[in-house]
Amino acid sequence: MAGNIGRISGRPLISLVKSTQNQLRRGVSSFSKLSKGKKAAVTCLGALTAGGLGVAGALQYSIMAEGLELHPPQLPWTHRGMFDSLDHTSMRRGFQVYKDVCQACHSLKYIAFRNLVGNTHTEDEAKAIAEEYQITDGPNEEGVMFERPGKLSDYIPDPYPNEQAARAANNGALPPDLSYIVLARHGGEDYVYHILTGYCDAPAGVNLREGLHYNAYFPGEAIAMAPALYNEIIEYEDGTPATRSQLAKDVCTFLRWTSEPEHDQRKRMAIKAFGLIGILIAFSYYMKRRQWSVMKARRIMFKPPKPSH
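Residues numbered from 1 in each chain as written. Predicted model: local features only at pLDDT ≥ 70, side-chain atom pairs only at ≥ 80, totals over all residues. Heavy atoms only, no water.

Trainee: Can you break down the overall build of the protein residue by residue, with the values?
Mentor: When helices and strands are tallied, the protein shows nine helices and four strands. For the protein, the α and β elements follow one another from N to C terminus as α-α-α-α-β-β-α-α-α-β-β-α-α. For the protein, buried positions account for 27% of its 309 residues. Residue pairs in contact within the protein that sit at least 24 positions apart in sequence constitute 64% of those at least 6 positions apart. Here the protein has roughly 20,800 Å² of accessible surface; of this, 60% comes from carbon and sulfur atoms. (Helix = DSSP H or I, 4+ residues; strand = E, 2+ residues; numbered from the N terminus. Buried < 20%, exposed > 50% of the residue type's maximum accessible area, 1.4 Å probe, protein only. Contact = heavy atoms within 4.5 Å. Areas by Shrake-Rupley, 256 points an atom, 1.4 Å probe, with all protein chains shown as cover.)

As C-alpha cells, this is what we get:
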C-alpha cells in the first residue's frame, strides 16, 4: 500500500522534471544542429539588435545635449519627492506673481477661478478675485453681447482678444499660454525658473537683433520676452521678502500645480496603494508558505513490493 502511494504521488513530479529537462535539451540541440551560416546569421542578428539599442540610447543623449543653450540644472524642489506635496503657501504667492506680473502678457485659459478654491484661496477669496474681472457674456434678450463681473465658473480671461493682437503687442512674438508650460518644456519647473532668472549681458561676439534679450537657457539664446522679475517688484501679502529668486520659485510652484492639478491627490493615492500592496504581498507570502510547505517538505519514498514466493 505504501509503495503504491509513493508511486502515484511521486510520478507526476518526476515526469514534470523530466519533461522540463527534455525541453531544455531540445532547445540547445536545435541550435547546435544549425549550419554554420545559420548560426552566424542568428549571432549577427543578436549583435545588431543589441548594437541598435545602444546606438538609440546614445543618440537620445546626444540629441538632448546638442545646441548652444544651457540645460537647466535640477533644483531641490520641496515637491520633488515621491510622497511630497506642493507648498500651497508658495502656490498662493505664485498666483499673486502671475496676476500682478505675468498676466500682462501670458494667458492661463485652462484654469478656472473655481480651481483656486481649496488650493490657493478660500471660496470667498476666489469669488472676490473673479469679480475683479469683466467677462464678456451673452447675447442677451436683445441679441447684444454684454460684460459682467466674473464668477467662479469662469476661466481666467486672456490678456489679449486674439492671437493677432498678442503678436502686435509683442513685436511679432506670441506669448505662450502658461496652463501647461511646466509639462510642455523639457526640464519642467527647472527650465521655467532658469528662464526667469537667467538673463545676462550677451557675451562678446554675440549680436542680438533689436527687441531680443540674451538668455543662455533659451533655445537660440535670444528671447523676445524682456526680464520680468526684479527684486521687490511686488509686495507679498504675507510679508515674504520678494527677491527675484523667491518670485521665480513661487510662480514655478504655482505653474507646476496648473500643469498637474491632481499632483497631491495622485501622491495620496500612491501612499494608499503602496499600503494596500504591502498588505497583499504579506498575505500572498503567508498563503504561499501555507499551501506549498507540505509540497516542499515532502519526501518521495519508493518501496518496491516484496517478491512473491
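After that view, the rundown keeps rolling.
Trainee: Just give me the short version of the environment of Pro149, but keep the residues and values in it.
Mentor: With respect to the helices and strands, Pro149 occurs in strand S2 (residues 146-149). Separated by 13 residues in the primary sequence, Pro149 and Thr136 have C-alpha atoms spaced 8.9 Å apart. In contact with Pro149, other than residues within four places in its own chain, are Ala130, Glu131, Tyr133, Gln134 and Asp154.

Trainee: Explain the packing of aromatic side chains to me, and be specific about the residues and the numbers.
Mentor: Counted by the stated rule, this structure contains seven aromatic pairs. Taken together, a centroid distance of 6.0 Å and an interplanar angle of 85 degrees make the contact between Phe83 and Phe274 edge-to-face. Of the two residues, Phe83 is situated in the loop between helix H2 (36-65) and helix H3 (88-100) and Phe274 in helix H9 (residues 263-297); the sequence distance between them amounts to 191 residues. Residue classification places Phe83 among the partly exposed positions, given a relative accessible area of 44%. Using a relative accessible area of 48% as the deciding quantity, one classes Phe274 as partly exposed. (Phe/Tyr/Trp six-rings, centres within 6.5 Å; stacked < 30°, edge-to-face > 60°.)

Trainee: Go over the nonpolar core with me, naming the residues and quoting the values.
Mentor: Judged by nonpolar contacts, the single largest core of 41 residues is most densely connected at Leu108, Phe113, Phe254 and Leu255. Breaking this core down by element, the ones donating at least two residues are H3, helix H4 (123-131), helix H6 (181-184), helix H7 (189-197) and helix H8 (244-259). Ranked by the residues each element gives to this core, the list is headed by H8, at seven residues. Here Phe254 is in contact with Met91, Gly94, Phe95, Tyr98, Leu108, Leu116 and Thr120, once residues within four sequence places are set aside. (Core = buried A, V, L, I, M, F, W, Y, C linked by side-chain atoms within 4.5 Å.)

Trainee: Account for the side chain of Arg256, with residues named and values stated.
Mentor: Note on placement: Arg256 falls in helix H8. Once you skip the residues sitting within four places of it in the chain, Arg256 turns out to touch His79, Leu86, Val182, Leu183 and Glu189.

Trainee: Pulling in residues and values, what's your account of H7?
Mentor: In terms of burial, H7 is a largely internal element, nine of the nine residues being buried. When we look at burial in H7, the residues that qualify are Glu189, Asp190, Tyr191, Val192, Tyr193, His194, Ile195, Leu196 and Thr197. Buried-residue contacts for H7 involve H6, strand S4 (222-223) and H8.

Trainee: For the environment of His213, give the residues involved together with the corresponding values.
Mentor: Mapping His213 onto the fold places it in strand S3 (residues 213-214). Between the C-alpha atoms of His213 and Ala202, which are eleven residues apart in sequence, the distance is 8.1 Å. Here His213 is in contact with Tyr199, Leu208, Glu221, Ala222, Ile223, Ala224, Met225, Ala226 and Pro227, once residues within four sequence places are set aside.

Trainee: Summarise the side chain of Glu189; cite the residues concerned and give the values.
Mentor: On the secondary structure map, Glu189 appears in helix H7. Excluding anything up to four places from it in sequence, Glu189 contacts Trp77, His79, Arg80, Val182, Cys252 and Arg256.

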